[in-house]
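Notes for the structure review
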Amino acid sequence: MKEMNNLLNFEKASGLMPAIIQDAATNKVLMLGYMNQEAFEKTQKEQIVTFYSRSKQRLWTKGETSGNFLKVKEILLDCDGDTLLIKVKPTGVVCHTGSDTCFNEVNQGKIAFLQHLQEVIRERKLQPSENSYTSKLFGKGINKIAQKVGEEAVELVIEAKDENMNLFNNEAADLLFHFLVLLEAKGSSLDEVIDVLQERHK
């Protein structure tokens with residue numbers, strides 16, 4: 001983060017830098033605001049997005065009146081050092097109109113979390129931890145991982161015949177997790193599987 005501070009170019013941006021706000025879970029662009037140096041530092045420190053309001057001529061923390069804050073998950077800087085991308089977890093609707101986003105889009109879906117989970121699984125493989133269930137799975141080899149996928153698939157089928165949605169969703173989560181582990185063990189990824197689906201969809 002200190003390295004990013006050195007790359008920020010507020011002077012080039014005439015003192016106000018555009019800040020694109022993106023939902024970290026859905027990847028939806030929520031809004032665009034502007035930050036001066038003070039607003040950026042406040043955002044960094046408090047991990048809640050604060051802008052500089054051009055109309056009010058002061059710092060403005062998103063949600064200070066509505067309670068719909070933007071909790072910072074990650075801050076990225078573009079290649080020119082004059083635009084920010086801030087990934088957040090919104091605590092409510094974003095737009096003052098009551099819309100999920102300032103572009104009147106519905107902010108749904110959490111598929112992006114699977115990419116994050118895939119990265120965590122890869123890290124557990126490359127940097128094993130004695131306390132990690134995932135690392136232990138990799139240690140047992142491809143046969144054990146494939147066996148777990150089969151076991152979880154059977155358990156999901158069994159739960160599908162009942163009416164308990166909580167148990168069904170838990171078994172579905174178990175199957176999806178072990179499937180991601182199997183993909184990593186085979187040197188594959190969700191993107192490669194999606195490539196196949198997209199090709200079939202043509």
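Residues numbered from 1 in each chain as written. Predicted model: local features only at pLDDT ≥ 70, side-chain atom pairs only at ≥ 80, totals over all residues. Heavy atoms only, no water.

Examining helix α6 (residues 165-185)
Here α6 contains 21 residues, and its C-alpha end-to-end distance of 30 Å stays within 8% of the 30 Å for a straight helix at 1.5 Å per residue. Restricting attention to buried positions, one finds in α6 the residues Glu171, Leu175, Phe177, His178, Leu180, Val181, Leu182, Leu183 and Glu184. Turning to α6, the residues buried within the fold contact α3 (112-126), α4 (133-140), α5 (142-160) and α7 (190-201). The N-terminus of α6 is capped by asparagine 164, whose side-chain oxygen sits 3.1 Å from the backbone nitrogen of asparagine 166. Looking one or two places after α6, you find glycine 187, whose phi comes out positive at around 75°. (Helix = DSSP H or I, 4+ residues; strand = E, 2+ residues; numbered from the N terminus. Expected span 1.5 Å × (residues − 1). Buried < 20%, exposed > 50% of the residue type's maximum accessible area, 1.4 Å probe, protein only. Contact = heavy atoms within 4.5 Å. Polar contact = N/O pair within 3.5 Å; in protein donor to acceptor, adjacent residues only side chain to side chain.)

Some thoughts on unusual backbone geometry
Its identity is not glycine, yet glutamine 47 carries a phi of approximately 60°, on the positive side. Of note, glutamine 47 is situated in the loop between α2 (37-46) and β3 (50-53). Residue classification places glutamine 47 among the partly exposed positions, given a relative accessible area of 33%. The backbone of glutamine 57 shows a phi angle near 60°, a positive value even though the residue is not glycine.

Details of the UniProt feature "domain: Phosphoribosyl-AMP cyclohydrolase" (unreviewed entry) in the chain
Here, UniProt's "domain: Phosphoribosyl-AMP cyclohydrolase" (unreviewed entry) annotation points to residues 31-104. Taken as a whole, residues 31-104 contains 14% helix and 38% strand, while its terminal C-alpha atoms sit 10 Å from one another. (UniProt positions renumbered as here; feature names shortened; annotations may be inferred.)

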